Amino acid sequence: MTDNQEDAEDTTPSRRPTLPLRPPCERLSGHKSSVCSRSYFVVVMVFFHVYIINVIALLFYVHYSSGQQDASRTRDAPSGGHQRPESRRPPSKPEFVRDVSLARIEGIRVGHVQKVSLVSGKVHEMRTLSLKPLLFEIPGFLSDDECRVVMQLAQLKGLMESQLMVQVGQEELAKELNLSPEEIFNLLDINQDGQLQLQEILTHSRVRDGIWLTPENLREIYAGLKADKDNNGLLSLEEFRLLSNDAFQRFLLQRGVKRSQLVRNSRHTWLYQGKGAHQVLQDIKEKVIRLTRLPPTLVDLSEPLQVVRYEEGGHYHAHHDSGPVYPETACTHTRLAANTSTPFETSCRYITVLFYLNSVDGGGETAFPVADNRTYDEVSLIQNDVDLLDTRRNCDKSNLRVKPIKGTAVFWYNYLSDGRGWVGEQDEFALHGGCVVTRGTKWVANKWINIDPDYQRQALYQQLVSQLPEDDEDDEGLTLNKDMQHASIHQEL
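None of the values given here were measured: they were computed from a predicted structure.

Cut-off values and rules
- Along each chain, the written sequence defines residue order, and numbers are assigned to residues from 1.
- Since the coordinates come from a predicted model, pLDDT governs what is reported: local features require at least 70, and pairs of side-chain atoms require 80 or more to be given and counted, while whole-chain, interface and lining totals use all residues.
- Remark: hydrogens and water are excluded; side-chain values derive from all non-hydrogen atoms of the structure.
- A pairing counts as a salt bridge when a side-chain nitrogen of Lys or Arg comes within 4 Å of a carboxyl oxygen of Asp or Glu.
- Each helix is a run of DSSP H or I of at least 4 residues and each strand a run of E of at least 2, with the numbering of both proceeding from the N terminus.
- Axes here mean lines fitted to C-alpha atoms, for a helix over just the part in contact, with angles spanning 0 to 180 degrees between N-to-C directions.
- Under this scheme an angle from 65 to 115 degrees is roughly perpendicular, one under 35 degrees roughly parallel, and one over 145 degrees roughly antiparallel; angles in between are oblique.
- Here is the rule for handedness: rotate from the far helix to the near one, and if that takes an anticlockwise turn smaller than a right angle the crossing is left-handed, while a clockwise turn gives right-handed.
- Note on contacts: a residue pair qualifies if any of its non-hydrogen atoms lie within 4.5 Å across the two residues.
- Grouping buried Ala, Val, Leu, Ile, Met, Phe, Trp, Tyr and Cys residues that are joined through side-chain atoms within 4.5 Å yields what is termed a nonpolar core.
- Exposure is judged per residue with a 1.4 Å probe applied to protein chains only, and the accessible area is read against the type maximum: over 50% gives exposed, under 20% gives buried, and values in between give partly exposed.
- We call a pair of cysteine sulfur atoms a disulfide when they lie within 2.5 Å.
- What makes two strands pair is DSSP finding at least two bridges between them.
- Each residue carries a pLDDT score, the predictor's confidence in it, ranging from 0 to 100.
- Read the arc as the range of directions from the helix axis to the C-beta atoms.
- Two aromatic rings from Phe, Tyr or Trp, using only the six-membered ring of Trp, form a pair when their centres are within 6.5 Å; if the ring planes differ by under 30 degrees the pair is stacked, by over 60 it is edge-to-face, and anything between is tilted.
- Should the NZ of a Lys or the CZ of an Arg lie within 6 Å of a ring centre and within 35 degrees of the ring normal, that charge is described as sitting over the ring.

On to the pattern of salt bridges, then. For side chains bearing opposite charge, pairing can occur when the charged atoms are close. Overall, the coordinates contain 14 salt bridges when judged by the stated rule. R267 is the partner of E161 in a salt bridge, and the nearest nitrogen-oxygen pair spans 2.9 Å. Of this pair, E161 sits in strand 4 (residues 160–161) while R267 sits in strand 6 (residues 267–271); the two residues are 106 residues apart in sequence, bridging distant segments of the chain. The closest approach of N and O atoms between E303 and R349, which form a salt bridge, is 2.9 Å.

Laid out in structure tokens, this is it:
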């Protein structure tokens, strides 16, 4: 800098008092360095050493503090033996590192065909039927002999009613949750307009009560119970307060319930597929493992094979095989690994594989009402007395229907992927039902693969099962104690 420049900088306005300026540095002849550079070097070195000393002091302090804490833990620990380091909050259950990734087949597009090898020396074709849900069809999955053996084994074991008549006692759940009439009303009032429409009542009462009610049935019940005072087909909060939770059931019991009014009209049984089972049943399980590309352990620990027979007039109204899983909901198959205080359970069926054991003379299609719909809206399923869930009346209005052909299998995912190789949210588009059999008899079999969306619960459940002796296997599959009986493990939805 020149002297003039330095003077200009010195006269810069400042609110602080100025100190006398030091004379400019003068270079010393015969030396490469200057007085200023030496001074700056000394200052930098001083600050650097102070910084190093502070760091060393801090390290000594941390080390000394840690030593004091370890010493206090040693004094407080019981004597004798080697002591394990303990965390302040020991985990209540083991934490499992996610080391399993679920294979998920890509649908590509509707109509896409891909080759699959299910048995040695034979290739099957698998066709994509829809992308929402991800649904596939495999003709010739079962041979004629395999279909015959499965039906014979089911008849030999004996079939039971798939759904019993109406049961009273639905008030218990509301009492357990301590819900007021106002809270129940708000749960049912989906559009929050302060009135319960017919479709809002129907959408919830069917799932809970197991009875299929049409809008006409509901109007009849309103009249019988004198619930709709103004006769407008809507229930206000004041009108709803006059009804108890099981008022519908009591009315239907007094009037009588027909089989056609049930959600499901069929007979079924379960066939164990594990060690010692009929070879055909074991072969079917192996083909399912190859088809789904899932770890064999997950398939082994899933439900046995369900065989269902629908007589003429038999049906199954549209439903989901699995329910949504919330923090307060436990999966039925892993409930021993869940919180015992969990008030709700649901069947966590990641995949459904449905086999047609015979070709049906008339009706009996598997309907997917909203397959590949742009959106899913629960309330819009019932509009203007047209109920898409009603497979006795409106199967022809479903977006997709699969005709039952002997030996054909269809399978779909009931859950989406979580994006990390595990189970995600429920796929609501997997809504499906069995159209009414208009002529003949329909035989089908279901193989559900149960996987808990909570990876930790699934891993803990598998660990518990692996510790069981082989004697704990019975002819209905693995059970963990007397409370987990066959009927309760395989929950019907």
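What follows deals with the packing of helix 3 (residues 144–157) against helix 10 (residues 279–292). Two elements in contact, helix 3 and helix 10, have axes whose closest approach is 10 Å; the angle formed by their N-to-C orientations is 120°. Here helix 3 is positioned oblique relative to helix 10, judged by the angle of their axes. Relative to helix 10, helix 3 is oriented so that their crossing is left-handed. Of the residues in helix 10, those touching helix 3 at E146, V149, V150 and L153 are V280, L281, D283, I284 and K287.

If you look at the biggest cluster of nonpolar residues, it comprises 48 residues, and the most contacted ones within it are F355, L357 and F411. Counting 26 residues, the second-largest nonpolar core is a separate cluster that includes Y310, Y356, L389 and L400.

Right, let's get into the state of the cysteines. Taken as a whole and judged by the stated rule, the model has 2 disulfides. Two residues share a disulfide in this structure: C331 and C348, whose sulfurs sit 1.9 Å from each other. Across the S-S bond of C331 and C348 the torsion is about -80°, and the bridge reads as left-handed. Of this pair, C331 sits in strand 9 (residues 329–331) while C348 sits in the loop between strand 10 (344–346) and strand 11 (349–356), and the two are 17 residues apart along the sequence. We note that C331, like C348, is buried.

Moving on: the pairing of strand 6. Within strand 6, 4 of the 5 residues are buried, which leaves the element mostly enclosed by the surrounding structure. Judged from the 2 bridges that link them, strand 4 and strand 6 form a sheet pairing that is antiparallel. Pairing of E161 across the sheet is with R267, part of strand 6. As judged from the 5 bridges shared by strand 6 and strand 7 (residues 305–310), these two strands associate in the antiparallel manner. What sits directly across from L271, in strand 7, is L305.

Of all residues in the protein chain, 67% attain a pLDDT of 70 or more, and the chain-wide mean is 78. The low-confidence segment residues 165–171, where pLDDT is below 50, has 18 contacts with residues more than four positions distant or belonging to other chains.

The 9 strands lie next to each other as 1-2-3-17-11-22-7-6-4, forming an open sheet whose pairing is antiparallel. Two strands in the sheet have a free side with no partner beyond their single neighbour: strand 1 (113–119) and strand 4. The pairing of strand 11 with strand 17 (residues 409–413) spans 5 bridges and is antiparallel. The residue of strand 17 that forms the bridge with L354 is V410. Across the sheet, helix 3 is in contact with strand 6, strand 7, strand 11 and strand 22 (442–450); its angle to strand 6 comes to roughly 105°.

So, about helix 7 (residues 215–225). Buried within helix 7 we find P215, N217, L218, I221 and Y222. The buried residues of helix 7 occupy an angular sector of 155° when the element is viewed end-on, so they sit on one face. Where helix 7 terminates, the next one or two residues include K226, which has phi positive at roughly 55°.

With that out of the way, let us pick up the pairing of strand 1. Bridge analysis of strand 1 against strand 2 (residues 122–130) gives 5 bridges, and the strand direction is antiparallel. In the strand pairing of strand 2, V113 is matched with R127. What sits between strand 1 and strand 2 in their antiparallel hairpin is a turn of 2 residues, with G121 showing a positive phi close to 80°.

Moving on to the sheet that holds strand 16 (residues 400–402). Where strands meet in a sheet, backbone hydrogen bonds hold them as pairs that are either parallel or antiparallel. With antiparallel pairing, 5 strands are arranged side by side in an open sheet as 5-8-20-13-16. Either end of the sheet is taken by a strand with one partner, and the two such strands are strand 5 (264–265) and strand 16. Here strand 13 (residues 366–368) pairs with strand 20 (residues 432–434) via 2 bridges, running antiparallel. Across the sheet, residue T366 finds its bridge partner in strand 20, namely G434.

Attention now goes to the packing of aromatic side chains. Overall, the coordinates contain 9 aromatic pairs when judged by the stated rule. Centre to centre, the rings of F141 and F355 are 5.3 Å apart; their planes meet at 40°, and the pair counts as tilted. Taken together, the positions of F141 in the loop between strand 3 (135–138) and helix 3 and F355 in strand 11 put the pair 214 residues apart, joining distant regions of the chain. One aromatic cluster is present, built from ring pairs that chain together F136, Y350, F411 and Y413. The ring of Y413 is capped by R104, whose NZ or CZ atom sits 4.3 Å from the centre of that ring. Just above the ring of Y310 sits the side chain of K442; from NZ or CZ to the centre is 5.0 Å.

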